Amino acid sequence: MKSVTKSFALTLAALTLAGCSTFEAGPVGNTSVPQPAKPVEVERYLGRWYELARYEAGFQKDCEAVTADYSLTASDRIKVVNACRKGSINGKIETATGKAKIVSGSGDAKLKVSFFGPFYGDYWVLDRAEDYSWSIVGEPSGRYLWLLHRQPNPGTATFDAMKRRAAELGYDVRLLRVTQQPG
């Protein structure tokens, strides 16, 4: 069983505090974050996602080959397991396990996520593919953004289309840091 690295878990806790603080947050890349574009069918959103790009944040420093796995633990509760390889796609694996709860009235597109005790941060599925092959995730401060896909390397055309969509949502895509994935 993979052990949770304490330092990684603590730094991921910074995300959960994003709504309360700018601790380890990068610059604001969107001063007017939109509401999610579509509702989310939770069962279809579950499973593994690969991070293609993100706004850099201290809690993900030197992370490559980033994945997020979501599984349902109750009708409105989700287990979150984030993993990354430190320094390179062949680096040491670090994982952090958290929990998420669905925000009522959000079309299941908004979650509250915690990796650290009672502290929860916002996780908004701002847009997604109809077939759930990709999603764009952010939160209200505009300091965090993730482009996620079901495949680690979906191709340049798909990645470029996701960046265009993020720009349409008001994000400065020049701030994106591309995540290296194997293969």
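Bear in mind that the values here come from a model prediction, so they are computed numbers and not experimental data.

S.K.: Looking at this model, I keep getting lost on the overall build of the protein chain. Mind explaining?
M.R.: When you go through the protein chain residue by residue, the secondary structure sums to three helices and nine strands. By residue count, 48% of the 183 residues in the protein chain fall in the buried class. A sequence separation of at least 24 residues applies to 60% of the contacts in the protein chain between residues at least 6 apart.

S.K.: Explain the nonpolar core here, please?
M.R.: In globular proteins that are soluble, nonpolar side chains generally tend to be buried together. Counting 25 residues, the largest nonpolar core has Tyr45, Tyr70, Ile78, Leu111, Tyr123 and Leu148 as the members making the most contacts within it. For this core, the secondary structure elements donating two or more residues are helix 2 (42-45), strand 2 (63-74), strand 3 (77-86), strand 4 (93-102), strand 5 (110-116), strand 6 (119-128) and strand 8 (145-149). Membership of the second largest hydrophobic core comes to 17 residues, among which are Ala53, Ile136, Tyr171 and Leu176.

S.K.: Explanation requested: the pattern of salt bridges in the structure shown.
M.R.: Going through the model one piece at a time under the given rule, you end up with 13 salt bridges. Note that Asp122 and Lys112 form a salt bridge whose closest N and O atoms lie 2.7 Å from each other. Of this pair, Asp122 sits in strand 6 while Lys112 sits in strand 5, and the two are 10 residues apart along the sequence. Under the relative-accessibility criterion, Asp122 is labelled buried at 17%. For Lys112, a relative accessible area of 28% corresponds to the partly exposed category. Salt bridges sharing common partners tie together Lys38, Asp127, Glu130, Arg165 and Glu168.

S.K.: Explain the confidence of the model for the protein chain to me, please; I cannot follow it from the model alone.
M.R.: The predicted coordinates should not be examined in detail at positions where pLDDT is low. Residue-level pLDDT values for the protein chain average 88, and 86% of them are 70 or greater. Predicted confidence for residues 1-23 stays below pLDDT 50, and this span has 45 contacts to residues more than four positions away or in other chains.

S.K.: Can you walk me through the state of the cysteines in this structure?
M.R.: Working definition: the covalent bond between the sulfur atoms of two cysteines is a disulfide. Here the structure, examined in full by the defined rule, presents one disulfide. Across the disulfide, Cys63 is cross-linked to Cys84 (sulfur-sulfur distance 2.3 Å). One quick way to see it: the torsion about the S-S bond of Cys63 and Cys84 is about -45°, and its sign makes the bridge left-handed. Of the two residues, Cys63 is situated in strand 2 and Cys84 in strand 3; the sequence distance between them amounts to 21 residues.

S.K.: Please clarify how the pairing of strand 5 should be interpreted in this entry.
M.R.: As a general feature of sheets, a regular strand has side chains that alternate between the two faces. Of all seven residues that make up strand 5, five are buried, and the element is covered over most of its length. With four bridges joining them, strand 4 and strand 5 adopt antiparallel strand pairing. Its bridge partner lying in strand 5, Ala100 is registered against Val113. Relative to strand 6, strand 5 runs antiparallel, the two being bridged by five bridges.

S.K.: Is there a simple way to explain the environment of Thr95 in this structure?
M.R.: Relative to the helices and strands, Thr95 resides in strand 4. Under the relative-accessibility criterion, Thr95 is labelled buried at 7%. Residues Thr95 and Ala83 lie 12 residues apart in sequence; the distance between their C-alpha atoms is 4.3 Å.

Quick notes on the rules
Residues numbered from 1 in each chain as written. Predicted model: local features only at pLDDT ≥ 70, side-chain atom pairs only at ≥ 80, totals over all residues. Heavy atoms only, no water. Helix = DSSP H or I, 4+ residues; strand = E, 2+ residues; numbered from the N terminus. Buried < 20%, exposed > 50% of the residue type's maximum accessible area, 1.4 Å probe, protein only. Contact = heavy atoms within 4.5 Å. Core = buried A, V, L, I, M, F, W, Y, C linked by side-chain atoms within 4.5 Å. Salt bridge = Lys/Arg side-chain N within 4 Å of Asp/Glu carboxyl O. pLDDT = per-residue confidence, 0-100. Disulfide = S-S within 2.5 Å. Pairing = 2+ DSSP bridges.

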